[in-house]
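# Coordinate inspection notes
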Amino acid sequence: MKSYNLTHLKELEAEAIFVLREVASQFEKPALLFSGGKDSIVVAHLARKAFYPGKIPFPLVHIDTGHNFPETIEFRDKYVKELGAELIIGSVQQSIDEGKATEEKGFNASRNLLQTVTLLETIENNKFDACMGGARRDEEKARAKERFFSHRDEFGQWDPKNQRPELWNIFNGRKQMGENFRIFPISNWTEMDVWQYILHEEIEIPTIYFSHERSVFLRDQVIMADCDFIERRDSEKIEKRIVRFRTIGDMTCTGAVESDADSLESIIQEVSAARTTERGTRADDKRSEAAMEDRKKEGYF
């Protein structure tokens, strides 16, 4: 048998491409959840590789809270056009307008939780039987419980005790009517793997990931971007700081880090020395000890 000397990144790439092709072969109508963040960009890049020279054989789906970073939306539209892919947008604002979701009030109001309503409706309306995304096991403890193929019941809910074994890379996508799967092709990647892969593959990412001057304020030791979507307390003063974002979500719950990392090489160096987790600046994960797991049980990605 021929021996292949694959590098670590090439092994991870091969594994993810295998998962993507398994999804295409096992499911009738899969979709790729695309936020415009680095992880979903990497999954889209891998999908392009997996099915080259053909186009990506499934649509990209963005659940738009209406409170996104402008840089992310600008990049999303540009990248989807470059891919030649179909983009489907699920609007949280529309869910609110139709009375299907209730807007939170107060200083800590966020639309992050409301994404679940819009996501489940988007899955139902489009009859998606599998939704892929860029979640990784190293991000958060609830993520670490996931399989590559994460079974969801007819209500889109996740039961961590009812997941299927995945021995020898055998993935079981069998489901009953109305059930679906969430698929995580880069489950085994780390934040460092993602950044090194982006550098190696010369993948374009939103400018918000790089160091830049921004109007911000401090809330509970987290640097928040000034925007029209956040109600500030009198004690929360706007100031200019040089920051970047390690992770990108809704502006109301995504914090920045002070940084002078203005290149991929300097980001990799910074991440290698970081003492806080990637999601350590995400306010939505701080609402309770099991915040992420609770959201996932309700249908969150």
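Residues numbered from 1 in each chain as written. Predicted model: local features only at pLDDT ≥ 70, side-chain atom pairs only at ≥ 80, totals over all residues. Heavy atoms only, no water.

## Concerning the overall build of the protein
Put simply, the test is: Runs of E in the DSSP output that reach at least two residues are strands. Runs of H or I that reach at least four are helices, and both are numbered from the N terminus. Each residue's exposure class comes from its accessible area (1.4 Å probe, protein chains only) as a fraction of the maximum for that residue type: buried when under 20%, exposed when over 50%, partly exposed otherwise. When checking whether two residues touch, look at their non-hydrogen atoms; a contact exists if any pair is within 4.5 Å. In these tables, accessible area is a Shrake-Rupley quantity obtained with a 1.4 Å probe, and a residue counts as shielded only by the protein chains included in the view.
Looking only at helices and strands, the protein features 8 helices and 10 strands. By residue count, 54% of the 301 residues in the protein fall in the buried class. Look at the contacts in the protein between residues 6 or more apart in sequence, and 73% of them connect residues 24 or more apart. With the model as given, the accessible surface of the protein reaches about 14,900 Å², and the carbon-plus-sulfur share is 49%.

## Re the packing of helix H6 (residues 191–201) against helix H7 (residues 264–273)
The test is simple: Whenever a helix is involved, its axis is fitted only over the stretch in contact; in every case the axis is a line through C-alpha atoms, and angles between N-to-C directions fall within 0 to 180 degrees. Throughout this description, any angle smaller than 35 degrees is read as roughly parallel, any larger than 145 degrees as roughly antiparallel, any in the 65 to 115 degree range as roughly perpendicular, and the remainder as oblique. Crossing handedness: left-handed means the near helix sits turned counterclockwise from the far one by under a right angle, and right-handed means the same turn made clockwise. Note on residue categories: nonpolar means Ala, Val, Leu, Ile, Met, Phe, Trp, Tyr, Cys or Pro, charged means Asp, Glu, Lys or Arg, and polar means any other residue, Gly included.
It is the contact of H6 with H7, at a shortest axis distance of 10 Å, that shows an interaxial angle of 165°. Considering their axes alone, H6 and H7 lie roughly antiparallel with respect to each other. The chirality of how H6 crosses H7 is left-handed. For the pair formed by H6 and H7, the contact residues are Glu191, Met192, Trp195, Gln196, Ile198 and Leu199 on the first element and Leu264, Glu265, Ile267, Ile268, Val271 and Ser272 on the second. For the contact of H6 with H7, a count of residues per class yields 8 nonpolar, 2 polar and 2 charged.

## Side note on the pairing of strand E2 (residues 60–64)
Convention followed: Only strands joined by at least two bridges in the DSSP assignment are considered to pair. By convention, orient the strands away from the viewer: a clockwise path from the first strand over the helix to the second makes the crossover right-handed.
E2 sits mainly inside the fold: 5 of its 5 residues count as buried. Every second residue of E2 is oriented toward a common face, with Leu60, His62 and Asp64 on one face and Val61 and Ile63 on the other, all of them buried. Summarising the sheet, strand E1 (residues 30–33) and E2 pair through 2 bridges and their orientation is parallel. Across the sheet, leucine 32 pairs through a bridge with leucine 60, a residue of E2. Handedness of the β-α-β unit built from E1, helix H2 (residues 38–51) and E2 comes out right-handed. Each parallel crossover has a hand, and the one from E2 via helix H3 (residues 70–83) to strand E3 (residues 87–91) is right-handed.

## Considering the packing of helix H1 (residues 8–26) against H2
H2 packs onto H1 with a crossing angle of 75° between their chain directions and a minimal axis gap of 9 Å. Taken together, the axes of H1 and H2 lie roughly perpendicular to each other. Note on element contacts: H2 touches H1 through Val43, Leu46, Ala47, Lys49, Ala50 and Phe51, opposite Lys10, Glu13, Ala16, Ile17, Leu20, Arg21 and Ala24.

## Some words on the pattern of salt bridges
To keep it simple, the criterion reads: The salt bridge definition used is simple: a Lys or Arg side-chain nitrogen within 4 Å of an Asp or Glu carboxyl oxygen.
Inspection of every chain in the model, using the stated rule, returns 21 salt bridges. Ionic pairing is found between arginine 219 and glutamate 236, a salt bridge with its closest N-O pair at 2.9 Å. Of this pair, arginine 219 sits in strand E7 (residues 212–219) while glutamate 236 is found in the loop between strand E8 (222–225) and strand E9 (239–244), placing the two residues 17 residues apart along the sequence. Since its relative accessible area comes to 5%, glutamate 236 is described here as buried. Glutamate 258 is paired through a salt bridge with arginine 241; the nearest N and O atoms lie 3.4 Å apart. Here glutamate 258, found in strand E10 (residues 255–258), pairs with arginine 241, found in strand E9; they are 17 residues apart in sequence, far enough to count as distant. On the accessibility criterion, arginine 241 (18% relative accessible area) is buried. What emerges from the salt-bridge pattern is a single network uniting Lys10, Glu13, Lys49 and Glu201.

## So, H1
Because an α-helix packs 3.6 residues into every turn, residues spaced three or four apart end up facing the same way. The line we're drawing: Here a helix's expected span is defined as the number of its residues, less one, multiplied by 1.5 Å. Throughout, the arc means that of the directions going from the helix axis to the C-beta atoms.
With 19 residues, H1 extends 27 Å from end C-alpha to end C-alpha; this agrees with the ideal 27 Å at 1.5 Å per step. When we look at burial in H1, the residues that qualify are Leu9, Leu12, Glu13, Ala16, Ile17, Val19, Leu20 and Val23. Projected onto a plane normal to the axis of H1, the buried residues spread over an arc of 155° and lie on a single side. As for H1, its buried residues are in contact with E1, H2, strand E4 (130–132), strand E5 (149–152), strand E6 (180–183) and H6.

## Regarding the sheet that holds E10
Spatial ordering of the closed barrel is given by E7-E8-E10-E9, a layout of 4 strands whose pairing is antiparallel. Averaged over all pairs of adjacent strands, the angle between strand axes in this sheet comes to 70°, irrespective of strand direction. In this sheet, E10 lies alongside E9 in antiparallel orientation, the contact comprising 2 bridges. Note that in E10 the partner of valine 243 across the bridge is glutamate 258.

## Re the pairing of E7
Across 5 bridges, E7 lies against E9 in antiparallel orientation. Among the inter-strand pairings, serine 215 is bridged to a residue of E9, identified as lysine 240. Judged from the 4 bridges that link them, E7 and E8 form a sheet pairing that is antiparallel. Along E8, the bridge assignment pairs phenylalanine 217 with methionine 224. Where E7 folds back onto E8 in an antiparallel hairpin, the turn is made up of 2 residues, including aspartate 220, whose phi is positive at roughly 50°.

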